[in-house]
Amino acid sequence: MTNLLFVSIAFPPKNDPECIQTARFFKYLSREEGFQFDIVTSRMPTLFMPADNSLKSLDSGYQSKIEIPIYESKLTNFLLRKAGLEGLMFPDSKMTFHWQWRRVVRNLKQKPDLIYSRSNPISSAFMAMKLARYFNVPWILHFSDPWALSPLESSLSEKKLKSEHALIEQATKVTFTTTETLRHYANYYPSSASKFEVIPNVFDPEEIETLSKPAGDKLKIVYTGGLAGQRSLFFMEDVLNLIKKKDSSLLQYLEIKVAGPMDRLNAAFFEQSKFTNIHHVGALSYANAKKLQQSAHILLVVDNPTNSNGAVFFPSKLLDYFLTGIKIMAVTPKASVTSNILENYPSICFDHQNTEAMAKFLMTEIQNLISKRETFERGHPPIKFSALENAVRLSGIFRLALKFLK
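In this report, we go over the structure that sits alongside the text. Residue indices begin from 1 for each chain and proceed along its sequence in written order. Local features are withheld for residues below a pLDDT of 70 in this predicted model, meaning they are given only at 70 or higher, and side-chain atom pairs are given and counted only at 80 or more; totals for whole chains, interfaces and linings count all residues. Each side-chain value is derived from all of the structure's non-hydrogen atoms; neither hydrogens nor water enter the calculation.

**Digging into empty space enclosed by the protein**
To locate leftover empty space, one rolls a probe as large as a water molecule over the atoms.
Here is step 1: The method works on a 1 Å grid over the protein atoms by themselves. A cavity is a set of points holding a 1.4 Å probe that cannot get out, a pocket is an open set with protein on both sides within 12 Å along at least five of seven lines, and residues with an atom within 4 Å of a point line them. Grid points are joined across faces, edges and corners, and a volume is the space filled by probe spheres set on the points. Tallied over the entire structure, the rule returns two cavities of 30 Å³ or more.
Here is step 2: Taken as a whole, the second largest cavity encloses approximately 50 Å³ of empty space.
Here is step 3: Surrounding the second largest cavity, Glu207, Glu209, Lys290, Gln293, Gln294, Asp320, Leu323 and Thr324 form its lining.
Here is step 4: Helix numbers and strand numbers start at the N terminus; a helix is a DSSP run of H or I with at least 4 residues, a strand a run of E with at least 2. The dominant element in the lining of the second largest cavity, judged by the number of residues it contributes, is helix H10 (residues 286-294), at three residues.
Here is step 5: Nonpolar residues are Ala, Val, Leu, Ile, Met, Phe, Trp, Tyr, Cys and Pro. Charged residues are Asp, Glu, Lys and Arg, and all others, Gly as well, are polar. Per-class residue counts for the lining of the second largest cavity are one nonpolar, three polar and four charged.

Written out as structure tokens, the structure is:
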């Protein structure tokens, strides 16, 4: 029996997009023969990762769970940034997690044969790297998103690059969520490219439900997920203004519901919008977010407005949306990962600046609803994004790493 140490701050029953992905992978990994798991995660409460009772059933399947306290607060983070000391929060604000790696050593009842870590937050990777060095065992590192090489960074940080290089050098294998990210990293770290694999974000095939056509006389658009920085719905004000200008009577048949955490600028948008048919319903549990998604005619996904070369991110909410089979409207750069993933699923994609086309699309959908000409086309999740299929692939990577060690 292989003792596998699973390291991730983002582990259920915390509610966070990465926690959901971690839960789905672990659910199926724990069913693989030949492995027994110990978990290293953060103690609750963890800032920005609230406990979610609807995810408690996914917090099982392991031998032991070591929970490390993270010494972090909104006030501390704010004061450090205000004082120009944000560099102390390295690699992120949850740095006290990996500082306590020796606590894991003391609490583990048996030495791991292999370590698997998932990040974000990237402090999970730093914890795993220190443990892999101490125990001298293979380590599989998963990058949920690019870190030092993130297209969202205005410039490359030498400190981040040096640390990222150390992570990649130490890891036995490195997995990314997209082929585009793998290529991006292979170009920058060619000597390590042979270590790289793609393990995408996933849906749970056991959660697929058969839904009826949405009821009501309004076109319901739903967005679930965080809004911060450049990822925002500011463009929607222009879209609604265009609809109002062309046929204001249609606005009474449109309802846009948004759920999830957001920063101050995005919160101000909802408070100041003159349109009453777009509103924020707060942060929801995973179960309630699913119910809201299932009530929609159209599900909305919004990427950061980067150029096409920088659109390498794989929004995990796409996998939640796939479970519903409902049509997806994506606001994303041309030739992005999102647009490629949606190619064979009922969907429509728009560039952020193309508000005219968005308004035209929504007006057509509203008119179809009013005249009862709308069709409820059900989509099917691509099997290549199944948690079952990818857990099997990942366990194969584990076995190969152990085989080479022997």
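**Structural notes on the packing of helix H8 (residues 235-247) against helix H13 (residues 355-370)**
The description of two helices packed together rests on the angle between their axes and the distance between the axes.
Here is step 1: It is at 9 Å that the axes of H8 and H13 come closest, and there the two elements cross at 60 degrees. As the angle between them shows, H8 and H13 are arranged oblique. Once H8 is placed against H13, the crossing between them reads as right-handed. Residues Phe235, Asp238, Val239, Leu242, Ile243, Lys246 and Asp247 of H8 touch H13, and the partners they reach there are Thr355, Glu356, Met358, Ala359, Leu362 and Met363.
Here is step 2: Classifying every residue of the contact of H8 with H13 by side-chain character gives eight nonpolar, one polar and four charged. Lines fitted to the C-alpha atoms define the axes, with helices restricted to the stretch that makes contact. Angles between their N-to-C directions range from 0 to 180 degrees. Should an angle fall under 35 degrees it is called roughly parallel, over 145 degrees roughly antiparallel, and 65 to 115 degrees roughly perpendicular, with every other angle called oblique. Left-handed describes a crossing whose near helix is turned anticlockwise from the far helix by less than a right angle; the clockwise case is right-handed. Every residue pair with non-hydrogen atoms within 4.5 Å of one another is taken to be in contact.

**So, unusual backbone geometry**
Here is step 1: Backbone torsion omega between Pro12 and Pro13 reads 15 degrees, so that peptide bond is classified as cis.
Here is step 2: Among the secondary structure elements, Pro13 is positioned in the loop between strand E1 (2-7) and helix H1 (17-29).
Here is step 3: Note that the residue after Asn120, namely Pro121, is joined by a cis bond; omega there is -10 degrees.
Here is step 4: Tracing the backbone through its elements, the reader meets Pro121 in the loop between strand E4 (114-119) and helix H5 (123-135).
Here is step 5: Notably, Ala335 is not glycine yet its phi reads approximately 60 degrees, a positive angle.
Here is step 6: With respect to the helices and strands, Ala335 occurs in the loop between strand E12 (328-331) and helix H12 (337-341).
Here is step 7: Between buried and exposed lies partly exposed: a residue is buried under 20% and exposed over 50% of the maximum accessible area for its type, with that area taken using a 1.4 Å probe on protein chains only. In this structure Ala335 comes out as exposed when scored by relative accessible area, which is 56%.

**Examining the pairing of E12**
Here is step 1: Side chains Ile328 and Ala330 project from E12 onto one buried face, and the interleaved Met329 and Val331 project onto a second face that is buried too.
Here is step 2: At least two bridges found by DSSP between two strands is the condition for calling them paired. Where strand E11 (residues 298-302) meets E12, four bridges bridge the pair, whose relative direction is parallel. Each residue of the ladder has a partner; that of Val302, found in E12, is Val331.
Here is step 3: Looking at chain direction, E12 and strand E13 (residues 347-350) are connected through four bridges and run parallel. Its bridge partner being in E13, Met329 is matched across the sheet by Ile348.

**Focus on the sheet that holds strand E6 (residues 173-176)**
Here is step 1: Ordered in space as E3-E2-E1-E4-E5-E6-E7, the seven strands form an open sheet in which the pairing is parallel. Single-partner strands in this sheet number two, and they are strand E3 (64-68) and strand E7 (196-198). For this sheet, the mean angle separating the axes of adjacent strands, direction not counted, is 20 degrees.
Here is step 2: Sheet strands in contact with helix H6 (residues 158-170) are strand E5 (139-143), E6 and E7, and its direction is about 135 degrees off that of E5.
Here is step 3: Sitting on the sheet, helix H7 (residues 179-188) is in contact with E6 and E7, with an inclination near 165 degrees to E7.

**Digging into H8**
Here is step 1: By this rule the span expected of a helix is its residue count minus one, scaled by 1.5 Å. The terminal C-alpha atoms of H8, which comprises 13 residues, lie 19 Å apart, in line with the 18 Å expected from a rise of 1.5 Å per residue.
Here is step 2: Of the residues making up H8, those classed as buried are Phe235, Met236, Glu237, Val239, Leu240, Leu242 and Ile243.
Here is step 3: Summarising the contacts, the buried residues of H8 are in contact with strand E9 (254-259), helix H9 (264-272), strand E10 (278-280), E11, E12 and H13.

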